[in-house]
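# Results of the structural survey
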Amino acid sequence: MRGFLHACPAWSFLLLAAIALVSSGCSRTEYRLEADREAYGLISERNCDPRWSAADISIEIDPRSRYFDHYDPDCAPMPQDDPSAHSYMRCVDGMKGWKHWYDNGVRSDLENPAWREELAQYAETTEDGDVKLNVDSALRLSYVHSPTHQSQLETLYLSALDVTRERWRLNNQYFGGFDTVFNHRGEKTPAGESNRLTTGRGIGALGVPLAGRFGGGGNTLQMNRSFATAGEMVAGIANAFTWEFTNGNVNFAGSLLSASFLQPLLRGAGRSIALEDLTQVERNLLANLRAYAQFRQGFYTQVAIGELGVRGPQRGGPGTTLTSFSGGSSVGGYTGLLKQLQEKRNSEDTLSLQVRTFARLEAFYAKGMIGLVQVDQFEQDIETAKSALLVRENGLDLALDRYKTRTLGLPPDLPIELDDGLIRQFQLFARQATNILNLVVQLQNRAGDLFTDGEAQVVPEVAELESLLTDTTSLIEPIQNLIEQIPVELERMDEVVQLRMEAASEDEISDDDKRRLVQERKDLGADLVDFRRQFGEQSVELTQLKESLSDETRDATARGVVNWLTATLTIVDQLALVQARARLESVMVESVELDPVTALEIALQNRLDFMNGRAALVDSWREIQIAANALKSNVTVGLAGSTGTVRNNAVSFDAANSTATMGVQFDAPLTRLLERNGYSETLISYQQDRRALIQSRDSLYLGVRALLRQLKQDRENLEIQRRAVTIAIRRVDQTQRKLNAPGRIPQPGQRPFISPTTAINLLSAQRSFLSSQNGLLGAWLSFYATRMRLYRELGIMTLDSDGKWIEFPITPPPGDEEADAAEESSFPDLPPPIPLGLQVPPEFDDGEQPAQRLLPDLVDKADPDGDSYDGQLPRNSVTTLSAPGVQQLRLD
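I will try to describe carefully the structure that is included in this document. (Residues numbered from 1 in each chain as written. Predicted model: local features only at pLDDT ≥ 70, side-chain atom pairs only at ≥ 80, totals over all residues. Heavy atoms only, no water.)

### Concerning the overall build of the chain
Heads up, the rule is: Secondary structure elements are defined from DSSP: runs of H or I of at least 4 residues count as helices, runs of E of at least 2 residues count as strands, and each element is numbered from the N terminus. Buried residues are those whose accessible area, probed at 1.4 Å on protein chains only, stays under 20% of the maximum for their type, while exposed residues exceed 50% and partly exposed ones sit between those limits. In what follows, a contact means two residues having at least one pair of non-hydrogen atoms within 4.5 Å. All accessible areas in this document rest on Shrake-Rupley with a 1.4 Å probe, and a residue is counted as covered only by the protein chains that are shown.
Each helix and strand counted, the chain has 21 helices and 18 strands in total. Within the chain, the proportion of its 892 residues that are buried is 41%. By sequence separation, contacts in the chain at least 24 residues apart represent 77% of the contacts at least 6 residues apart. Entry remark: accessible area of the chain is about 46900 Å², with carbon and sulfur atoms responsible for 54%.

This is how it looks when you write it as structure tokens:
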């Protein structure tokens, strides 16, 4: 042992200590943070163009999200495992499993336990804890919780990691390590007894063999470098220290410096080959950043109208088959929820009207004024309407649950309160009017109960009538408020109708329609004046009934209250119809004046996926050169040299102990079947991709034309549905008026009776009113959704940092007189041919002209003058900065 210590120099122990210290490398946390820094830095290099820049590109999940993991990502506890499967972690094939699986513990749940308590920090809630939901709050919740959005960010991050890998491959790569082997041979072995300790690496060349899997390869320290010309260099130092504890304690120390360089000249040579993988992942990262920006546009439409319409980032890069609108006018998302909510409300209002009407029919039947068949028919329709309403309620609840889970990323049991501000204009019957009508019906039923005691007819007591009159008097104020609101509604109607007439075309609103609108507006004003007068008289009459109440006037007062309630119900019904008519005419949409050709030009200039599609076609075009290169002969030049030490000294290098090697490797292109097939495949793939991009452009044009037609259809359909609702309101009004004045004047000896078609007319009018209301709502929401789709399909949907849509008017592209000024920023549809006479700048020169590299069959057609590169960029070229100090040449 003393000899061992004496033989080992002190610096060797220091070297071993240093190697042991760094042998474990960086911690997993440091590696993760280093990857984050590099990935975010690469994304930031491209995140400066306002057309696709994003404010937040971090993959760190918001701490408020239910998907946030509050555990250390590098030392996360084990999730709950399936018991049967977990048994194989404890013991597999009779062997005990690893005991440290449980060092970080076992987590009890998967989601963030505090996310519900933090909802109030960024979402408005009611006193009961319900989340108030509108488009903005739904978008905010989606960005916090949606797994779909998180996946897009992670794909973008992974694309950045791909770039770090390829950049590393073209950068200096350092490796280091050593092997330590103790070798013992017994006395009876052929070589005799030996005890030897050897440490080092790559020492087989020094004539000191190592046993088994150790030694014989690599260097103690080594640097690899791949060059942009496809050359490769390896340089390193190998050393070894050996201590022999037998035969006189002999020791040995030696080192070897070595370097080699390989440079292919034909096959696998040139920048087009060496830089291809890096070029592709760099372009993919840019494409995915654009795709993420477009995904945010689609994400907004998904939240608002239930349609994504875009693909988002893809790890392998974009293709030339692009997604465009293919037709349809369905409305989903938050807007679809509001549509279902309003249709449910419309059904409730119609059902309430039917119930009030049925109460009158029952009263008429009790007096023998209407047949049982009509009453039963009407009641049966009410039961059908109740069933349909239950279906609508269940459908709305199911749609809410799906929206919460699939769009917002929230559990289905989260209580939600929908903000109906967008569709409030379609509440043609105000809640106030409906509540008043329901109260009047309740008072009518209460008054009817006062006249009966079992089956006997009685006269109500004074106290009962006083209570009834007091409650009836409470109707005066809300009815007066309703009357005062209607002039405001009519003024709003006048303003909107004027705007509609100015903006509408002859096809949408004809001159006859305009004259009809003017006349109907006069009629509504006259009706309001008449109803105001009638209710004034009713108020006076009610006061007189209260003042004249006594024991002697009980019967007359009771009948007077019943008549007053009936007349008031009629007045409020008519007021509600006037208000509904005013609200109906106040619904409007803005026109979109855009022809299809201009729309296509806007889309081709602004669609980020078409920018990516053009780049993807060039990627496919570049593959032709890559495949063509594989057809060439393999000619590789190699250089290698080494210098070793002498005198048993690890640092005593001597030129006399050196070697040098130089050689050329040639492989004739005699067998190139696989390469030939690959080349043919790239030619076919390029043509397929070129056709796909042309078809994608056609699909875009088709979608834009369909959207513009849909907008026109929705505008015209809105006016059609408006007229249908107007007719339905008039039908309801007329049938109600006939019901309030039933039958014709009876002949002597006959009782008054109601027309046998009254129930059918009432049902038909009320059904038509419900369907036309829903049709009006559907036409307006369809226009709303289609207009939003148009902005997305044109690529002009501007979003703020929170993802909200900032709406700007559509601006046509510059005309011919402005085309020259905008030429620099235009985007070609297809990649242009490279100018045959163009010379490559020296810093990009790999010894081949562009025509020779990419268009070998057209070289002979080049400019015979052969103008050389004069240091100036071509007229249609653009210089861009993708990294500090790095210029890229893009030929337009």
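Here the narrative resumes, following the displayed structure.
### Notes on unusual backbone geometry
At A230, a position not held by glycine, the phi torsion is positive, near 80 degrees. Examined against the element boundaries, A230 turns out to sit in the loop between β7 (221–226) and β8 (232–244). At R647, a position not held by glycine, the phi torsion is positive, near 60 degrees. Its place among the elements puts R647 in the loop between β13 (634–645) and β14 (653–667).

### A look at helix α11 (residues 431–450)
We count it as follows: Every helix has an expected span of 1.5 Å times one less than the residues it contains.
When the terminal C-alpha atoms of α11 are compared, their 29 Å separation across 20 residues agrees well with the 28 Å that a helix rising 1.5 Å per residue should span. For α11, the complete set of buried residues consists of A433, T434, I436, L437, V440, V441, L443, A447 and L450.

### With respect to a nonpolar patch on the surface
To keep things clear, this is the line we draw: What goes into a patch is any residue over 30% in relative accessible area without a salt bridge, connected to like charges within 9 Å or, for nonpolar side chains (Val, Leu, Ile, Met, Phe, Trp, Tyr), within 5 Å. The term salt bridge refers to a side-chain nitrogen of Lys or Arg lying within 4 Å of a carboxyl oxygen of Asp or Glu.
Residues Y88, V92 and M95 make up a contiguous nonpolar surface patch of roughly 330 Å² in combined accessible area. Note on placement: M95 falls in strand β2 (residues 95–96).

### A look at the packing of helix α5 (residues 135–145) against helix α8 (residues 276–305)
Let me state the cut-off plainly: In this analysis an axis means a line fitted to C-alpha atoms, helices contributing only their contacting stretch, and an angle means the value between N-to-C directions, from 0 to 180 degrees. By definition in this entry, angles of less than 35 degrees are roughly parallel, angles greater than 145 are roughly antiparallel, angles of 65 to 115 are roughly perpendicular, and the rest are oblique. Here is the rule for handedness: rotate from the far helix to the near one, and if that takes an anticlockwise turn smaller than a right angle the crossing is left-handed, while a clockwise turn gives right-handed. Residues were grouped as follows: Ala, Val, Leu, Ile, Met, Phe, Trp, Tyr, Cys and Pro as nonpolar; Asp, Glu, Lys and Arg as charged; and all remaining residues, including Gly, as polar.
Two numbers describe how α5 lies on α8: the axes approach to 9 Å, and their chain directions differ by 125 degrees. Relative to α8, the element α5 lies oblique. In the crossing of α5 with α8, the sense of the turn from one axis to the other is right-handed. Contacts between α5 and α8 involve V135, A138, L139, S142 and Y143 from the former and R296, F299, Y300, V303 and A304 from the latter. By residue class, the composition of the contact of α5 with α8 is eight nonpolar, one polar and one charged.

### So, the layout of surface pockets
The cut-off we apply is this: Here a cavity means grid points, on a 1 Å grid over the protein atoms only, where a 1.4 Å probe fits yet cannot get out; a pocket means an open set of points with protein on both sides within 12 Å along at least five of seven lines; lining residues are those with an atom within 4 Å of a point. Grid points are joined across faces, edges and corners, and a volume is the space filled by probe spheres set on the points.
In this model, the second largest pocket occupies a volume close to 1000 Å³. Considering the residues around the second largest pocket, the lining is formed by 24 residues, among which A363, K367, G448, V562 and T566 are closest to the centre. Mapped onto the lining of the second largest pocket, the elements with two or more residues apiece are α9 (333–366), α11, α15 (554–585) and α18 (673–740). Among the elements that line the lining of the second largest pocket, the one with the most residues is α15, at seven residues. Residues that form the lining of the second largest pocket fall into these classes: 10 nonpolar, nine polar and five charged.

### Structural notes on the environment of A640
Tracing the sequence through the fold places A640 in strand β13. In the structure, A640 is positioned 19 residues away from T659 in sequence and 8.2 Å away in space, judged by C-alpha atoms.

### What about the packing of aromatic side chains?
The cut-off we apply is this: Aromatic contacts are taken between Phe, Tyr and Trp rings whose centres are within 6.5 Å, Trp giving its six-membered ring; a plane angle under 30 degrees counts as stacked, one over 60 as edge-to-face, and the others as tilted.
This model, assessed by the stated rule, comprises 11 aromatic pairs. With a centroid separation of 5.2 Å and 75 degrees between ring planes, the pair formed by Y143 and F299 is classed as edge-to-face. Here Y143, found in helix α5, pairs with F299, found in helix α8; they are 156 residues apart in sequence, far enough to count as distant. For F299, a relative accessible area of 0% corresponds to the buried category. Judged by centre distance (5.8 Å) and plane angle (10 degrees), the ring pair of W780 and Y784 falls under stacked. Residue W780 and its partner Y784 are both found in helix α19 (residues 758–794); the two are separated by four residues, about one turn of the helix.

### Side note on the pattern of salt bridges
If you walk through the whole model with that rule in mind, you get 57 salt bridges. In this structure, E282 and R46 form a salt bridge, with 1.9 Å as the shortest nitrogen-oxygen distance. In this pair, E282 is assigned in helix α8 and R46 in helix α3 (residues 28–46), connecting sequence segments 236 residues apart. A relative accessible area of 8% means that R46 is categorised as buried. Linking D512 and R515 is a salt bridge whose minimum nitrogen-to-oxygen distance equals 2.1 Å.

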